[in-house]
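# Architecture at a glance
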Amino acid sequence: MFIDNSWRVLTIGDGDLSFSSSLLTHHQPASLTATVLDTRDVLLAKYAHNDYQTLLQKNCQVLCEFDVMEAKSWGKLNEHSFDLIIFQFPLIPAFKSHQEFQEKCKEVHINTLNRQLLRHFLLNSFAHFLDPNGARLCYITSKDVKPYKEWNIENALNMNTDIDYLGWHHFDINIFPGYKVRNVDRDKHVKDTKGITYVWSDNQHCSLRKQLNEALYQGKEYCQLCASGPYNNEQDMLKHQHTKKHLNMLNYEKMWQLLIDRESL
Ligand SMILES: C[S@@+](CC[C@H](N)C(=O)[O-])C[C@H]1O[C@@H](n2cnc3c(N)ncnc32)[C@H](O)[C@@H]1O
């Protein structure tokens, strides 16, 4: 992960704050503001080992109950004052009840809700959090396996915006000693930490692009939607297009497109 120590960094949804703590200690950005979605009490109760106090002792601003989708939760955040915003392994929390599930998934799928979380992360970061004169970068680290790869991260999130997807690199957890990737709902950490960091900017002259890998699964021998391929010939591709997996992805894409269309009404 590229961290320039002149950058002012904001972290989003940082579970037990171990990522922010490691970032501060081992990469020493110019400043760090760490945020979590949980209340302070829930965070302390959920994760026996957390870095809440460690960060406060280092004079790092920590904001709890910070919902990246809800402006009214941003409270004391100093808007337009960051160079880089990072969201590690985003995932919507589990529904609290069957009723909540039915309400939230009336017209959409969990897939769409996760995409919405990531899209709003990008939209709000570029509109409200990033300094117009700063580096203007957003990183999302996620996984290239189901269900995450079904979010079409590289192509779907920035549709109809002036935010450019710049590329990706492998996430190396070894450069973040002490960081434990957390389960969204429980005091568990995820053992398989293989991740990909995806990068966006609206700065056309962003030099980071040169150091990143190009978007995955592009080109006519790949199915961009399913993040699969290469397919050897047209027949193999056709066969793939009739699979349940592909039809499922078409359905997710249709639901997503509906939501994007509704945004512009
Ligand atoms: C799989 S956990 C990863 C936690 C942490 N980032 C890590 O790498 O260990 C997903 C995180 O996304 C956060 N999250 C989900 N929806 C959010 C929202 N609307 N605003 C901010 N954070 C959110 C959850 O609170 C949770 O901490």
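Residues numbered from 1 in each chain as written. Predicted model: local features only at pLDDT ≥ 70, side-chain atom pairs only at ≥ 80, totals over all residues.

### Some remarks on the overall build of the chain
- Per the secondary structure count, the chain includes eight helices and seven strands.
- Taken over C-alpha atoms, the radius of gyration comes to 19 Å for the chain, in line with the 18 Å a tight globule of 265 residues would show.
- Structurally, the chain occupies a C-alpha span of about 60 × 45 × 40 Å along its principal axes.
- The burial tally for the chain puts 31% of its 265 residues in the buried class.
- Sequence-distant contacts in the chain: of pairs separated by 6 or more residues, those separated by 24 or more amount to 71%. (Helix = DSSP H or I, 4+ residues; strand = E, 2+ residues; numbered from the N terminus. Rg over C-alpha atoms; globule rule 2.2 N^0.38 Å. Buried ≥ 20, exposed ≤ 12 C-beta atoms within 10 Å, placed from the backbone. Contact = placed C-beta atoms within 7 Å.)

### Some remarks on the domain arrangement of the chain
- As far as domains go, the chain holds domain 1 (8–216) and domain 2 (219–265).
- Distance from the C-alpha centre of domain 1 to the C-alpha centre of domain 2: 26 Å.
- At the junction of the two partners, domain 1 supplies 14 residues and domain 2 supplies 10 residues.
- Looking at the side of domain 1 that touches domain 2, the elements with two or more residues in it are helix 5 (110–129) and helix 6 (153–156).
- Ranked by residue count, the leading element in the side of domain 1 that touches domain 2 is helix 5, at four residues.
- Considered class by class, the residues forming the side of domain 1 that touches domain 2 number four nonpolar, seven polar and three charged. (Domains from an automatic or database assignment. Nonpolar A, V, L, I, M, F, W, Y, C, P; charged D, E, K, R; others polar.)

### Focus on the environment of alanine 227
- Looking at the element boundaries, alanine 227 is found in the loop between strand 7 (195–201) and helix 7 (234–241).
- On the basis of neighbour count, alanine 227 is assigned to the buried category, with 21 C-beta atoms found within 10 Å.
- For the pair formed by alanine 227 and arginine 182, sequence separation is 45 residues and the distance between their alpha carbons is 25 Å.
- Each residue touching alanine 227, except ones within four places of it in the same chain, is listed here: Lys149, Leu216 and Tyr217.

### So, the sheet that holds strand 7
- Read across the open sheet, the seven strands follow the order 3-2-1-4-5-7-6; overall the sheet is mixed. Of all strands in the sheet, those with a lone pairing partner are strand 3 (61–63) and strand 6 (164–171), marking the two edges. Taken pair by pair, the neighbouring strands of this sheet meet at an average axis angle of 20 degrees, ignoring direction.
- Across seven bridges, the pairing between strand 6 and strand 7 is antiparallel. Bridged to phenylalanine 171 within strand 7 is glycine 195.
- The strands that helix 1 (residues 18–27) touches are strand 1 (8–12), strand 2 (31–35) and strand 4 (84–88); relative to strand 2, the one it contacts most, it runs at about 175 degrees. (Pairing = 2+ DSSP bridges. Axes fitted to C-alpha atoms, helices over the stretch in contact; angles between N-to-C directions.)

### Section: the environment of leucine 32
- Looking at the secondary structure, you find leucine 32 in strand 2.
- C-alpha separation for the pair leucine 32 and cysteine 60, spaced 28 residues apart in sequence, amounts to 6.2 Å.
- Sequence-distant contacts of leucine 32, that is, excluding residues within four places in its chain, are made with Val9, Ser20, Leu23, Leu24 and Cys60.

### Regarding helix 5
- Across its 20 residues, helix 5 extends 26 Å between first and last C-alpha, which sits within 8% of the 28 Å expected from 1.5 Å per residue.
- Every buried residue of helix 5 is listed here: Asn111, Thr112, Arg115, Leu117, Leu118, Arg119, Phe121, Leu122, Asn124, Ser125, Phe126 and Phe129.
- Its buried side turned inward, helix 5 meets strand 1, strand 4, strand 5 (137–142), helix 6, strand 7 and helix 8 (244–263). (Expected span 1.5 Å × (residues − 1).)

### Section: the packing of helix 5 against helix 8
- Where helix 5 meets helix 8, the axes come as close as 9 Å, and the angle between the chain directions of the two elements is 50 degrees. Considering the angle they form, helix 5 stands oblique to helix 8. In this structure, helix 5 crosses over helix 8, and the sense of that crossing is right-handed. Facing Asn111, Thr112, Arg115 and Gln116 of helix 5, the residues of helix 8 in contact are Tyr252, Met255, Trp256 and Leu259.
- A class-by-class count of the residues in the contact of helix 5 with helix 8 yields four nonpolar, three polar and one charged. (Parallel < 35°, antiparallel > 145°, perpendicular 65-115°, else oblique. Left-handed = near helix turned anticlockwise from the far one by under 90°.)

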